[in-house]
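Architecture and fold: a report
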Amino acid sequence: MSSVAPALYGIFILVALMISLFGFRLAVADGAPAGMALLPAGSGFVGTLVNVAAVAASLGLPAGAPSAVRIGWVSFGVVCATASALGAYHATSGVNPATGAPHMRKSKRWYTAGGAFTATITLVGLAGYFLK
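Quick summary incoming for the structure in this document. Treat the numbers as computed from the prediction; the structure is a model and nothing was measured. (Residues numbered from 1 in each chain as written. Predicted model: local features only at pLDDT ≥ 70, side-chain atom pairs only at ≥ 80, totals over all residues. Heavy atoms only, no water.)

1. Considerations on the overall build of the protein chain
Within the protein chain, the secondary structure is distributed over four helices and zero strands. Mapped from its N terminus to its C terminus, the protein chain presents α and β elements in the order α-α-α-α. Dimensions of the protein chain, computed from the C-alpha atoms along their principal axes, are close to 55 × 30 × 15 Å. Considering only intrachain contacts with a sequence separation of at least 6, the fraction spanning at least 24 residues in the protein chain is 65%. Taken as a whole, the protein chain presents about 8300 Å² of accessible surface, with 76% of it coming from carbon and sulfur. (Helix = DSSP H or I, 4+ residues; strand = E, 2+ residues; numbered from the N terminus. Contact = heavy atoms within 4.5 Å. Areas by Shrake-Rupley, 256 points an atom, 1.4 Å probe, with all protein chains shown as cover.)

The following block contains the structure:
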């Protein structure tokens, strides 16, 4: 482990905190009480840490410099995860024709998109574990 690793961990934790704040503010703006807004905040924090850990593991960063095959696999996986998150976000959009109300609030749509992204990145991380 290099001397840069603790600084990177600190940056990743700061990014996770910023994403959790975004989830909290979005849920409060959608009308959720502050206690219920902690769920998207906490899941955003944990999801970010899981995503970073899965990418680091699939790149093989704890063992040293990643190979070109691993870098290509992770790049492909991030593109697939982004596509699944966009698909989940757009699949939960739309309005009820009878009432004109949206199917899901914006915070729940982001919550669903984040779950899809994390699930895909986790699968990429598990598959990347078997690459050489």
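Now that the structure is up, let's keep going.
2. Quick word on a nonpolar patch on the surface
A cluster of nonpolar side chains, contributed by Leu 8, Tyr 9, Ile 11, Phe 12, Val 15 and Ile 19, occupies part of the molecular surface with about 500 Å² of accessible area. Within the secondary structure layout, Phe 12 lies in helix 1 (residues 5–29). With relative accessibility at 30%, the residue Phe 12 sits in the partly exposed group. (Patch = residues over 30% accessible without salt bridge, like charges linked within 9 Å, V, L, I, M, F, W, Y side chains within 5 Å. Salt bridge = Lys/Arg side-chain N within 4 Å of Asp/Glu carboxyl O. Buried < 20%, exposed > 50% of the residue type's maximum accessible area, 1.4 Å probe, protein only.)

3. What about helix 4 (residues 106–128)?
With 23 residues, helix 4 should reach 33 Å at 1.5 Å per residue; the first-to-last C-alpha distance of 33 Å fits that figure. For helix 4, every residue scored as buried is listed here: Ser 107, Arg 109, Ala 113, Ala 116, Thr 118, Thr 120, Ile 121, Val 124, Gly 125 and Gly 128. (Expected span 1.5 Å × (residues − 1).)

4. Notes on the packing of helix 2 (residues 38–59) against helix 3 (residues 68–91)
At a closest axis distance of 9 Å, the pairing of helix 2 and helix 3 adopts a crossing angle of 150°. Overall, the two elements helix 2 and helix 3 adopt an arrangement that is roughly antiparallel. Between helix 2, through Val 55, Ala 57, Ser 58 and Leu 59, and helix 3, the contact on the second element is made entirely by Arg 70, Ile 71 and Val 74. (Axes fitted to C-alpha atoms, helices over the stretch in contact; angles between N-to-C directions. Parallel < 35°, antiparallel > 145°, perpendicular 65-115°, else oblique.)

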